[in-house]
Amino acid sequence: VYYYSLAMDTTLAKKEANFVIKQLKGKKITYPVYIDVEDNATQGKASKSKLASVCNTFCSTIKAAGYKPGVYASISWFNSRIGTITASHTKWVAQYYNKCEYKGAYDMWQYSSSESVPGIASKTDVNWCYKQF
């Protein structure tokens, strides 16, 4: 599950997480529930500690509901815009390159946005998952 967030504070992060939890009711989820904090118009103006708080609040709320939480972002956002994420929250790093250069721990890597996949008519994102969820 992937949720594109616009949260600028922990109150809205918790509301967004509760919205996602409501949508997941009755569904069996095997992979994590990821928050994406990369909106330049809103979150691009936030401090690293503020974005880390948003991510950690969203993830804690998701975890309390029984799901595995995580944070999705580009490598540049992880490196320069998002502060410290709780270690138990998985990370999904986007970097369109021949290797992932992120120095921190991560479980998934989005390596391209322009691959061909059978059954999908247009070019699409593709990822590597390094953890058995």
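Scroll up to find the structure.
Quick summary incoming for the structure in this document. (Residues numbered from 1 in each chain as written. Predicted model: local features only at pLDDT ≥ 70, side-chain atom pairs only at ≥ 80, totals over all residues. Heavy atoms only, no water.)

## Details of helix α1 (residues 10–24)
Operational definition: What counts as a helix is a DSSP run of H or I of at least four residues, what counts as a strand is a run of E of at least two, and both are numbered from the N terminus. For a helix, the expected span equals 1.5 Å multiplied by the number of residues minus one. A simple rule labels every residue: compare its accessible area, found with a 1.4 Å probe on the protein chains alone, to the largest value its type can have, and call it buried under 20%, exposed over 50%, or partly exposed in between. To obtain the arc, one takes the directions from the helix axis to the C-beta atoms. Only heavy atoms matter for contacts: two residues are in contact if any of them lie within 4.5 Å across the pair.
The first and last C-alpha atoms of α1 sit 21 Å apart over 15 residues, in line with the 21 Å expected at 1.5 Å per residue. For α1, the set of buried residues is Ala13, Glu16, Ala17, Val20, Ile21 and Leu24. Along the axis of α1, the buried positions cluster into a sector of 140°, meaning they face one direction only. Opposite the buried face of α1, by more than 90 degrees, sit the exposed residues Thr11, Lys15 and Lys22. Its buried side turned inward, α1 meets β1 (2–4), β2 (33–36) and α2 (48–64). Immediately beyond the C-terminal end of α1, within one or two residues, lies Gly26, with a positive phi of roughly 85°.

## Observations regarding the nonpolar core
So the rule is basically this: Among buried residues, those of type Ala, Val, Leu, Ile, Met, Phe, Trp, Tyr and Cys that are joined through side-chain atoms within 4.5 Å constitute a nonpolar core.
By size, the foremost hydrophobic cluster in this structure holds 29 residues, and its most contacted members are Ile35, Phe58, Ile62 and Ile82. Elements supplying a minimum of two residues to this core: α1, β2, α2, β3 (69–74) and α3 (75–80). Excluding residues within four positions of it along the chain, Ile82 makes contact with Val37, Lys48, Leu51, Ala52, Cys55, Ala73 and Trp77. In terms of nonpolar packing, the next biggest core, distinct from the first, is built from five residues, Tyr34, Trp92, Ala94 and Met108 among them.

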